[in-house]
Amino acid sequence: MPIVRYRPLDNGHPRLGWLEDGQIRAFPDDAGYATPRQLLQHSLDEITGVVRSLRDSTAKSIPLAEVALVAPIDAQEVWAAGVTYKRSRDARMEESSERSVYDRIYDAERPELFLKGTPRRIVGPGGTITIRRDSTWDVPEPELTLVINRHGEVIGYTVGNDVSSRSIEGENPLYLPQAKIYTGSGALGPVVALPDEIGAPQSLDIELVIERDDVAVFEGATSTAEMHRSLDDLADWLHRGNSFPDGVFLMTGTGIVPPDDFSLQDGDVVRIAIAGIGTLTNRVAVLNVRT
Ligand code: DO4
Ligand code: MG
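I will try to describe carefully the structure that is included in this document. (Residues numbered from 1 in each chain as written. Chains lettered and ligands numbered in written order. Predicted model: local features only at pLDDT ≥ 70, side-chain atom pairs only at ≥ 80, totals over all residues. Heavy atoms only, no water.)

Brief notes about the overall build of the chain
- Secondary structure summary: the chain contains eight helices and 19 strands in total.
- Here the C-alpha radius of gyration of the chain, 18 Å, is about what a compact globule of 291 residues would show, namely 19 Å.
- In terms of overall dimensions, the chain has a C-alpha envelope of 60 × 45 × 35 Å along the principal axes.
- Classification of the 291 residues of the chain by burial places 54% in the buried group.
- By element, 47% of the accessible surface of the chain is carried by carbon and sulfur atoms, the whole surface being about 12600 Å². (Helix = DSSP H or I, 4+ residues; strand = E, 2+ residues; numbered from the N terminus. Rg over C-alpha atoms; globule rule 2.2 N^0.38 Å. Buried < 20%, exposed > 50% of the residue type's maximum accessible area, 1.4 Å probe, protein only. Areas by Shrake-Rupley, 256 points an atom, 1.4 Å probe, with all protein chains shown as cover.)

Take a look at the structure:
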């Protein structure tokens, strides 16, 4: 039973529940699971036990049509790993003025890890992801995303989109934070799948479809089996030197990169599907923070 964060359409506050038989079931108010911050205080055993014990219970249920699913994040940082797939290494080497940094990090013991966003910059299912006005080459990056509790334990998996500016990063790797972290540069959702729902996390199919005017203009696929590092290793490196009292999300890198002549445009629709988790759909807009 996947965990969801939802907002009743009558404008209620977002809260956590789980999906059961096409309905949203709400965690009871006194259970300590109403928010992502609360959820991520618990161990995986506790979370699995609570969800099992509530299954078929009298917990309040709401039809899916009466809620909007929102990003399963409230107080967490989002981090991301880079160059974890050969396809990503090759694409960065082609785009960059500094080819060797990507080649070296692919095989280095220490992975590339960077802060991707804070809750305010991350959108949920159906939200608008953005491209910067000062960027000329933009892509979505479909990434299996680890949901990690305050104890450093992976309690679930969601779909992540590490939207990136290839022109800004390609000009100089030191521009990475500007290529990666801006309002609307990331998306998470639609659900948090618990480990026993997805099988082996390092053999999940990932698909990306980008539509323009209702026509698919790019389709790509990979599998997490193509990843050059283990998920446990990435999570371990993230926690060397960092603690996350409210939990943390870790995007694990992209294995799908559209060809070099492709760039996202205003109005495109991006769909990322990961087997066992679901499909994260977002529309693209040009970022209009300041002119
Ligand atoms: O080095 C840049 C970032 C790489 C990245 O985001 C990825 O491989 O997914
Ligand atoms: Mg990425």
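Now that the structure has been shown, the text picks up again.
A closer look at the coordination of the magnesium ion (ligand 2)
- Within the protein, the atoms that donate to the magnesium ion (ligand 2) are E141 (OE), E143 (OE) and D162 (OD), at distances of 2.0 to 2.1 Å.
- Coordination of the magnesium ion (ligand 2) draws on donor residues from a single chain, spaced E-x1-E-x18-D in sequence. Of this pair, E141 sits in the loop between β10 (138–139) and β11 (142–148) while D162 sits in strand β12 (residues 154–162); the two residues are 21 residues apart in sequence, bridging distant segments of the chain. Side by side, E141 and D162 carry an identical accessibility label, which is buried. (Donors = N, O, S within 2.8 Å, 3.2 Å for Na, K, Ca; no water.)

What to know about the packing of aromatic side chains
- One pass over the full model with this rule turns up four aromatic pairs.
- Note on W18 and F27: the rings are 5.2 Å apart at their centroids and 55 degrees apart in plane angle, and the pair reads as tilted. Both residues of the pair, W18 and F27, count as buried.
- Taken together, W18, F27 and Y33 form an aromatic cluster joined through their ring pairs.
- Over the aromatic face of W237 sits the side chain of R240, whose NZ or CZ is 3.7 Å from the ring centroid. (Phe/Tyr/Trp six-rings, centres within 6.5 Å; stacked < 30°, edge-to-face > 60°. Lys NZ or Arg CZ within 6 Å of the ring centre and 35° of its normal.)

Re the site of ligand 1
- Around ligand 1, the structure places 16 residues, and the nearest of them are V83, S88, E112, E169 and K180.
- One of the side-chain nitrogen or oxygen atoms of E169 is found 3.1 Å away from an oxygen atom of ligand 1.
- Considered on its own, ligand 1 offers 280 Å² of accessible surface; in the complex 99% of this is hidden by protein.
- Secondary-structure elements contributing two or more residues to the shell around ligand 1 are β6 (77–82), α3 (86–95), β7 (112–117) and α6 (176–180).
- Each residue belonging to the shell around ligand 1 can be placed in one class, and the counts come to five nonpolar, four polar and seven charged. (Near = heavy atom within 4 Å. Polar contact = N/O pair within 3.5 Å; in protein donor to acceptor, adjacent residues only side chain to side chain. Nonpolar A, V, L, I, M, F, W, Y, C, P; charged D, E, K, R; others polar.)

Some words on the side chain of N161
- Mapped onto the elements, N161 comes out in strand β12.
- Reaching out from N161, the side chain makes a polar contact with the backbone nitrogen of E141 at a distance of 3.0 Å.
- Dropping the residues within four chain positions of it, N161 is found in contact with I129, P140, E141, S185, G186, A187, M251, V270, I272 and L280. (Contact = heavy atoms within 4.5 Å.)

Re unusual backbone geometry
- Going from G189 to P190, the amide bond is cis rather than trans, its omega being 0 degrees.
- Summarising the element assignment, P190 is placed in strand β14 (residues 186–193).
- Unusually for a residue other than glycine, V83 sits at a positive phi of about 55 degrees.
- Tracing the chain through its elements places V83 in the loop between β6 and α3.
- Residue class for V83 comes out buried when judged on its relative accessible area of 3%.

Quick notes on helix α2 (residues 44–54)
- All buried positions along α2 are accounted for by L44, I47, T48, V51 and L54. Down the axis of α2, the buried set is contained in an arc of 140 degrees. They therefore lie on one face. Of the exposed residues in α2, the ones pointing more than 90 degrees away from its buried face are D45, R52 and S53.
- Residues of α2 that are buried make contact with β1 (3–8), β2 (15–20), α1 (36–39), β12 and α7 (195–198). (Arc of directions from axis to C-beta.)

What about the pattern of salt bridges?
- A complete count under the given rule lists 18 salt bridges for this structure.
- Between R89 and D103 there is a salt bridge, with the nearest N and O atoms lying 3.8 Å from each other. A residue pair is termed long-range when its members are at least 10 positions apart, and R89 in helix α3 and D103 in helix α4 (residues 99–107) qualify at 14 residues.
- R89 sits in the buried class, given a relative accessible area of 15%.
- By relative accessible area, D103 is classed as partly exposed at 34%.
- Here K180 ties to D162 by a salt bridge, and the two come within 2.8 Å at their closest N and O atoms. In this pair, K180 is assigned in helix α6 and D162 in strand β12, connecting sequence segments 18 residues apart.
- With a relative accessible area of 3%, K180 lands in the buried category.
- According to the relative accessible area criterion, D162 is buried, its value standing at 0%. (Salt bridge = Lys/Arg side-chain N within 4 Å of Asp/Glu carboxyl O.)

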